[in-house]
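# Architecture and fold: a report
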Amino acid sequence: MRILANKKWRDGFVDYPKNRKEYRVKVLGFKNLEKLENVYHIRPKSLRLLLNYFPVMGLEGTFYKTWSRLREDYRNEKYISCGFGEIIETAQDGSFSVGDLVGFLAPWHPALAERIVLPENLILKIDRSDLPQPHANKILHLPVSGQKTEGGWWKDLLAWSVYSGVAVSPEIQKKISDCLVKELKNAHWAGAEAIDALDPKPISETKGSLPKAEGGKKTGILFGYGNYAKINIIPYTRPFVDIQTVHEIDPTEIFLEQRIQKWDSSPIPRKGEKADAYFIATYNHFHALLAIHALNQGAYALVEKPAVNDYEELDELEAALKKSGPRLFIGFQKRYGPFNKWALKDLGVRHGEPIFYNSIVYELKQPEFFWYNWPVSRSTFYANACHQIDHFLYLNNFSKPKDFDLKLLSDNTIVTWIELENGATLTSTFSEKGSPRIGPKDVVELKVTGKIVRILDATHYTSEDTKRIIRKEKVLKPTSYKDMYKTIARKIANNEPGDSIDSVITSTKIMLDLEEKLQRAKGWGDRYARAKKEFSKYFEGENYS
């Protein structure tokens with residue numbers, strides 16, 4: 001498939017994935033309505049930024065991070081657009097047929113793609129008399145005009161996605177119906193650029209193929225080819241597990257990488273697709289589904305936090321774990337690296353004896369349209385504050401919580417406390433106020449009577465007692481990530497157990513309990529339940545077993 005990126009018509013992209021509720025449309029005319037801002041974390045390309053990162057990340061970490069971000073230029077350029085085209089693949093039980101001429105609204109796409117995939121509520125049948133005569137083997141393209149347009153009839157669907165869990169209300173659908181045809185009729189198609197569409201490649205959501213299985217190194221599948229996967233999962237697991245296939249739903253995110261043999265835009269496994277290990281770093285609401293699928297196959301699953309999004313998913317995950325055994329790892333990097341070993345020694349406690357935990361957490365404020373803000377993703381607290389809470393539980397050998405609470409302050413700071421059965425307590429504040437100069441920050445204090453450990457930004461470690469500084473150390477920020485992925489991948493290669501089932505349930509359940517309290521404090525009601533129902537309707541009946 002071809003895409004217009006950085007003002008160049010580029011070939012070699014896989015097609016957008018299509019589920020049973022969506023249509024594939026051959027684009028004949030495409031008008032960019034508005035360039036999307038605040039969709040992704042986009043860092044400026046500056047020497048100052050490199051100088052900030054180098055002392056914290058080190059040479060290897062800075063290289064991986066820089067190389068990853070440089071490959072996101074195509075992804076970052078997104079528009080909300082409208083246009084017209086021809087249906088070439090239909091939806092199950094849909095109203096449109098192959099060959100129908102339709103108008104459409106495309107809320108989250110590059111400047112132009114020769115084929116797009118949309119649900120029926122963003123498509124409208126139109127009369128040929130309302131449109132210009134299509135050019136043979138050409139696509140008409142109208143870029144955004146020089147003057148920025150905001151607040152147009154399309155504003156309610158900026159960066160909308162079938163994955164977001166946001167329903168397209170009848171009112172919004174009526175607005176599309178009323179305004180789309182008018183927009184297409186009044187567009188200055190005579191001044192459009194005619195983009196060459198000669199000899200289109202066949203529709204394909206995959207690229208590459210897998211070699212015949214020969215045994216040897218364990219094989220892996222990665223879901224989600226974002227920055228995190230590029231700088232952590234792929235490089236650090238490579239010595240132990242051969243990640244052969246990458247699933248990434250956004251074709252503009254894919255940057256062909258050596259050693260990856262197959263690329264696939266499907267968000268879920270293909271029917272019959274198998275591997276020894278699943279590495280799950282995609283949207284949060286796919287985590288449980290993919291992890292359970294892996295476990296039911298007898299495969300390992302390394303899932304980024306959160307492992308589940310609700311109690312029903314937790315019950316299903318627990319059932320799968322009891323059947324498969326401990327073959328799940330959760331990506332909590334604070335369990336790894338040298339700090340924990342130092343802390344237990346310097347505090348003079350054995351694993352499981354009470355360690356009191358204080359933390360102050362600054363997390364990056366998410367861009368307005370970033371997927372963390374989708375209602376189906378739950379809260380940013382649920383996705384990010386889990387690191388310190390899991391670390392507290394880990395240091396206390398997953399003693400069960402016996403009491404806890406959460407307070408939402410007027411500035412949206414979240415204050416949490418937890419008391420465990422072994423007597424240990426946690427107090428934590430979580431906010432999105434602070435400096436984003438080198439990313440998220442936290443201050444952690446671990447305490448017993450007469451001794452304290454302070455860990456600053458996961459890089460600086462200091463311990464002291466009543467008389468002296470016991471230890472003062474500094475590590476690079478990627479240290480715990482590198483240790484985590486190498487340790488987990490080595491365990492997978494050696495057929496060793498994953499995280500204990502008890503640790504998975506204890507850590508995940510307390511976060512769900514706190515998230516429910518936060519949901520009530522924010523007055524969200526059944527926001528998440530409605531979002532999950534909306535999202536799920538696009539994937540009901542998909543067969544990937």
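Refer to the structure presented above.
Since the model is a prediction, treat every value here as computed from it, not as a measurement.

## Some details on the overall build of the protein chain
Looking only at helices and strands, the protein chain has 12 helices and 25 strands in total. Its C-alpha atoms give the protein chain a radius of gyration of 25 Å, near enough to 24 Å, the size a compact globule of 545 residues would have. Taking the principal axes of the C-alpha coordinates as reference, the protein chain spans close to 85 × 60 × 45 Å. The buried share among the 545 residues of the protein chain stands at 54%. For the protein chain, the share of sequence-separated contacts (at least 6 apart) that also reach a separation of at least 24 residues comes to 73%. When the accessible surface of the protein chain is totalled, it reaches about 24,100 Å², and 51% of it is carbon and sulfur.

## Remarks on the sheet that holds strand S24 (residues 460–464)
As summarised here, the arrangement of the eight strands in space is S19-S20-S21-S18-S22-S23-S24-S25, forming an open sheet in which the pairing is mixed. The sheet is open, and its two borders are formed by strand S19 (401–408) and strand S25 (469–474), each paired with just one other strand. If you compare each strand with its neighbour and ignore which way they point, the axes differ by 10 degrees on average. Pairing of strand S18 (residues 356–362) with strand S22 (residues 441–448), which is carried by seven bridges, proceeds in the antiparallel orientation. Residue pairing in the sheet places Asn358 in a bridge with Glu445 of S22.

## Describing empty space enclosed by the protein
For the structure shown, the criterion picks out three cavities of 30 Å³ or more. By volume, the largest cavity amounts to about 80 Å³. Forming the boundary of the largest cavity are Lys305, Pro306, Ala307, Ile330, Phe332, Tyr382, Cys386, Ser507, Thr508 and Met511. The leading source of residues in the lining of the largest cavity is helix H11 (residues 501–521), at three residues.

## Here's the deal with the packing of helix H6 (residues 311–324) against H11
One can describe the packing of H6 onto H11 by two numbers: an axis separation of 11 Å at closest approach and a directional angle of 175 degrees. Taken together, the axes of H6 and H11 are roughly antiparallel relative to one another. Across from Tyr311, Leu314, Leu317, Glu318, Leu321 and Lys322 in H6, the residues of H11 making contact are Ile501, Val504, Ile505, Thr508, Lys509, Leu512, Asp513 and Glu516.

## Brief notes about the environment of Ile418
Tracing the sequence through the fold places Ile418 in strand S20 (residues 414–420). Placed 343 residues apart in sequence, Ile418 and Arg75 show a C-alpha to C-alpha distance of 40 Å. Aside from chain neighbours lying at most four places away, what touches Ile418 is Ile389, Phe392, Pro401, Asp403, Phe404, Ala424, Thr425, Leu426, Ile510 and Leu514.

## Section: helix H1 (residues 47–70)
Its 24 residues give H1 an end-to-end C-alpha distance of only 14 Å, which falls more than 12% under 34 Å, the value for a rise of 1.5 Å per residue. Along H1, the sharpest change in direction is near 120 degrees and occurs at Gly58. Buried residues of H1: Leu49, Asn52, Tyr53, Val56, Met57, Gly58, Gly61, Thr62, Lys65 and Ser68, and no others. In the core, the buried residues of H1 are packed alongside helix H4 (227–237).

## What to know about the nonpolar core
If you look at the biggest cluster of nonpolar residues, it comprises 137 residues, and the most contacted ones within it are Leu317, Leu328 and Leu446. Top contributing element to this core by residue count: H11, with seven residues. Other than its neighbours up to four places away in sequence, Leu446 contacts Ala343, Leu347, Ile355, Phe356, Tyr357, Leu395, Lys451, Ile452, Val453 and Ile455. Core analysis: the second largest hydrophobic core is formed by 24 residues, Val246, Trp263, Ala277 and Phe279 among them.

## Here's the deal with the sheet that holds strand S11 (residues 206–208)
In space, the seven strands of this open sheet follow the order S11-S14-S13-S12-S15-S16-S17, with mixed pairing throughout. The open sheet terminates on both sides in strands that have one partner only, identified here as S11 and strand S17 (328–330). In this sheet, adjacent strand axes meet at a mean angle of 20 degrees when their direction is disregarded. Where strand S12 (residues 218–223) lies against strand S13 (residues 241–247), six bridges are found, and the strand directions are parallel. By the bridge assignment for S13, Leu222 is matched with Val246. In this fold helix H5 (residues 287–296) packs onto S12, strand S15 (277–280), strand S16 (300–303) and S17, with an angle of close to 175 degrees to the strand it touches most, S15.

So, how was this worked out
Residues numbered from 1 in each chain as written. Predicted model: local features only at pLDDT ≥ 70, side-chain atom pairs only at ≥ 80, totals over all residues. Heavy atoms only, no water. Helix = DSSP H or I, 4+ residues; strand = E, 2+ residues; numbered from the N terminus. Rg over C-alpha atoms; globule rule 2.2 N^0.38 Å. Buried < 20%, exposed > 50% of the residue type's maximum accessible area, 1.4 Å probe, protein only. Contact = heavy atoms within 4.5 Å. Areas by Shrake-Rupley, 256 points an atom, 1.4 Å probe, with all protein chains shown as cover. Pairing = 2+ DSSP bridges. Axes fitted to C-alpha atoms, helices over the stretch in contact; angles between N-to-C directions. 1 Å grid on protein atoms, 1.4 Å probe; cavity = no way out; pocket = protein on both sides within 12 Å on 5 of 7 lines; lining within 4 Å. Points joined across faces, edges and corners; volume = space filled by probe spheres on them. Parallel < 35°, antiparallel > 145°, perpendicular 65-115°, else oblique. Expected span 1.5 Å × (residues − 1). Bend = angle between axes of the 7 residues up to and from the residue. Core = buried A, V, L, I, M, F, W, Y, C linked by side-chain atoms within 4.5 Å.

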